[in-house]
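What follows is each chain in one-letter form.
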Amino acid sequence: MNYSIGIVTYHARFESYFKPLVERLVKIFPDKQIICIANGHPDRELQTNYLRKFTAFLKQFENVTLSTYENNQSLAKCWNELIIASKEEGCLILNDDTQVTELFREEFEKNIISNDFSFSAINGSWSHFFISKDIIRKIGWFDENFTGIGQEDSDYMFRMAILNMETIDTPCLGIKNYVAPAENPSWKEVSEVTDNKYSSSNKEYMKKKYYTTDFNPDMQSFEYTLNWRGGKTGFTPRETGLEVKVYGQEFLGPKDARLNRPLNYKPKISFKITIQRIHYTILSLIKRLYYRITSLYKK
């Protein structure tokens, strides 16, 4: 399956995270369409200056498509826009505070693309995930009634579970998410910030949309179960009266659409990738050992 790469970002991540990420992506994925969305912000002067820098930076790259907003847009809407803008059947969506290496491309294409997955989270996280337009055709679009950030992923996994579709999670070496705090976020005008990065409005909407084991611990049984990251969450949909926005089939395009330019990328098996594999394998082992030791200590 062919795929594009999509990123949603905002002013506070531009210099420290977004620019280094894009500079790496255009080198590692020179044959792929890279879609970048700059979210809005209520501070007009700040946003104007940011969008000027954002646009000037990205226009130097031939394979980058960009979109900008003056005002805040929900993350769910931005994810939908990435999928609509993709000229390919699949879209690899990355957080703007992510680091990637050549090894990641090798791992991603071997473990996800070669297996013809229609959807997969990566390394147990929606900070980086792959989604195909075929999944959108079956499940629908991300729910834009989530006005800020947070819970969009849980909602989508619940909707997949209702249709008995597995939420696949695939390990891939060579990628790291820094989990940067939400500094002066664009969506603070619509919601309070919780856990230093999420919107309280999204959590409240999720409570209105579902009964769950987390929100309703006194409930004895639930209609559905989500299996995710070794745990189980029971849930039952509520009647919210708010419909998920539907974009027409024309926004999904024909299956296996291709970019209108030649693709001449040839993957290289290099010493650099070998070193990266050793590095990330050791880090992974250390991380697993740390969690095992801390879990024993807690007992």
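Residues numbered from 1 in each chain as written. Predicted model: local features only at pLDDT ≥ 70, side-chain atom pairs only at ≥ 80, totals over all residues. Heavy atoms only, no water.

### Quick look at the overall build of the protein
Then step 1. Within the protein, the regular secondary structure consists of 8 helices and 14 strands.
Then step 2. Judged by the C-alpha coordinates and their principal axes, the protein covers about 55 × 50 × 40 Å.
Then step 3. In the protein, which comprises 299 residues, the share counted as buried stands at 46%.
Then step 4. Taking as baseline every contact in the protein between residues at least 6 positions apart, the subset at least 24 positions apart corresponds to 76%.
Then step 5. For the protein, the accessible surface area stands at approximately 15700 Å², while carbon and sulfur atoms represent 51% of it. (Helix = DSSP H or I, 4+ residues; strand = E, 2+ residues; numbered from the N terminus. Buried < 20%, exposed > 50% of the residue type's maximum accessible area, 1.4 Å probe, protein only. Contact = heavy atoms within 4.5 Å. Areas by Shrake-Rupley, 256 points an atom, 1.4 Å probe, with all protein chains shown as cover.)

### Notes on the nonpolar core
Then step 1. The biggest cluster of nonpolar side chains holds 36 residues, and the ones touching the most others in it are Trp79, Trp126, Phe129, Ile131, Phe142 and Tyr156.
Then step 2. Broken down by element, this core gets its largest block of residues, 6 residues, from helix α3 (residues 75–85).
Then step 3. Those residues in contact with Ile131 that lie beyond four places of it in its chain are Ile83, Glu89, Gly90, Cys91, Ile93, Ser118, Phe119, Ile136, Phe142 and Tyr156.
Then step 4. Counting residues in hydrophobic clusters, the runner-up holds 32 residues, among them Leu25, Leu51, Phe57 and Val100. (Core = buried A, V, L, I, M, F, W, Y, C linked by side-chain atoms within 4.5 Å.)

### Focus on the pairing of strand β7 (residues 125–132)
Then step 1. β7 sits mainly inside the fold: 8 of its 8 residues count as buried.
Then step 2. Pairing of strand β4 (residues 90–95) with β7 involves 5 bridges; the strand directions are antiparallel. Bridge pairing in β7 links Leu94 to His128.
Then step 3. Hairpin connection from strand β6 (residues 119–122) to β7: 2 residues lie between these consecutive antiparallel strands, with Asn123 at a positive phi of about 55 degrees. (Pairing = 2+ DSSP bridges.)

### Here we look at the environment of Phe146
Then step 1. Positionally, Phe146 belongs in the loop between α5 (133–139) and α6 (152–162).
Then step 2. According to the relative accessible area criterion, Phe146 is buried, its value standing at 0%.
Then step 3. Separated by 53 residues in sequence, Phe146 and Ser199 place their C-alpha atoms 9.0 Å apart.
Then step 4. Among all residues touching Phe146, those that are not within four sequence positions of it are Ser74, Ala76, Gln151, Glu152, Asp155, Asn202, Tyr205 and Met206.

### Some remarks on the sheet that holds strand β2 (residues 34–38)
Then step 1. An order of β3-β2-β1-β4-β7-β6-β8 is seen for the 7 strands of this open sheet, with the pairing classed as mixed. The open sheet is flanked by β3 (64–68) and β8 (169–170), the only strands paired with a single partner.

### Here we look at the pattern of salt bridges
Then step 1. Taken as a whole, this structure holds 18 salt bridges when the rule is applied.
Then step 2. Lys209 serves as the salt-bridge partner of Asp143, at 2.6 Å between the closest nitrogen and oxygen. Of this pair, Asp143 sits in the loop between α5 and α6 while Lys209 is found in helix α7 (residues 200–209), placing the two residues 66 residues apart along the sequence.
Then step 3. For Asp143, a relative accessible area of 1% puts it in the buried group.
Then step 4. On the basis of relative accessibility, which here comes to 10%, the residue Lys209 falls in the buried class.
Then step 5. When salt bridges that share partners are traced, they join Asp31, Lys32, Arg105 and Glu109 into one network. (Salt bridge = Lys/Arg side-chain N within 4 Å of Asp/Glu carboxyl O.)

### Remarks on the packing of helix α1 (residues 14–28) against helix α2 (residues 44–58)
Then step 1. With their axes 12 Å apart at the nearest point, α1 and α2 run at an angle of 15 degrees to one another. Classified by the angle between their axes, α1 and α2 sit roughly parallel to one another. Judged by the twist between their axes, the crossing of α1 over α2 is right-handed. Contact residues: Phe14, Phe18, Lys19, Val22 and Glu23 in α1; Tyr50, Lys53, Phe54, Phe57 and Leu58 in α2.
Then step 2. When the residues that make up the contact of α1 with α2 are grouped by side-chain class, the tally is 7 nonpolar, no polar and 3 charged. (Axes fitted to C-alpha atoms, helices over the stretch in contact; angles between N-to-C directions. Parallel < 35°, antiparallel > 145°, perpendicular 65-115°, else oblique. Left-handed = near helix turned anticlockwise from the far one by under 90°. Nonpolar A, V, L, I, M, F, W, Y, C, P; charged D, E, K, R; others polar.)

### Quick notes on the pairing of β3
Then step 1. Sheet topology note: the β2/β3 ladder contains 5 bridges and is parallel. Each bridged residue has a counterpart across the sheet, and for Ile37 the counterpart in β3 is Ser67.
Then step 2. Of the crossover connections in this fold, the one passing from β2 over α2 to the parallel β3 is right-handed. (Right-handed = clockwise from strand over helix to strand, strands pointing away.)

### A short note on the sheet that holds strand β13 (residues 224–228)
For sheets, the rule is that strands pair by backbone hydrogen bonds, running either parallel or antiparallel.
Then step 1. Taken in spatial order, the 3 strands of this open sheet run β12-β14-β13, and their pairing is antiparallel. Two strands in the sheet have a free side with no partner beyond their single neighbour: β12 (210–212) and β13. Across the sheet, the mean angle from the axis of one strand to that of its neighbour is 35 degrees, orientation sign disregarded.
Then step 2. Where β12 and strand β14 (residues 231–237) come together, 3 bridges link them in antiparallel fashion. Paired with Thr212 across the strands is Phe235, a residue of β14.
Then step 3. Those strands touched by α6 are β12, β13 and β14, and its axis lies near 120 degrees from that of β13.

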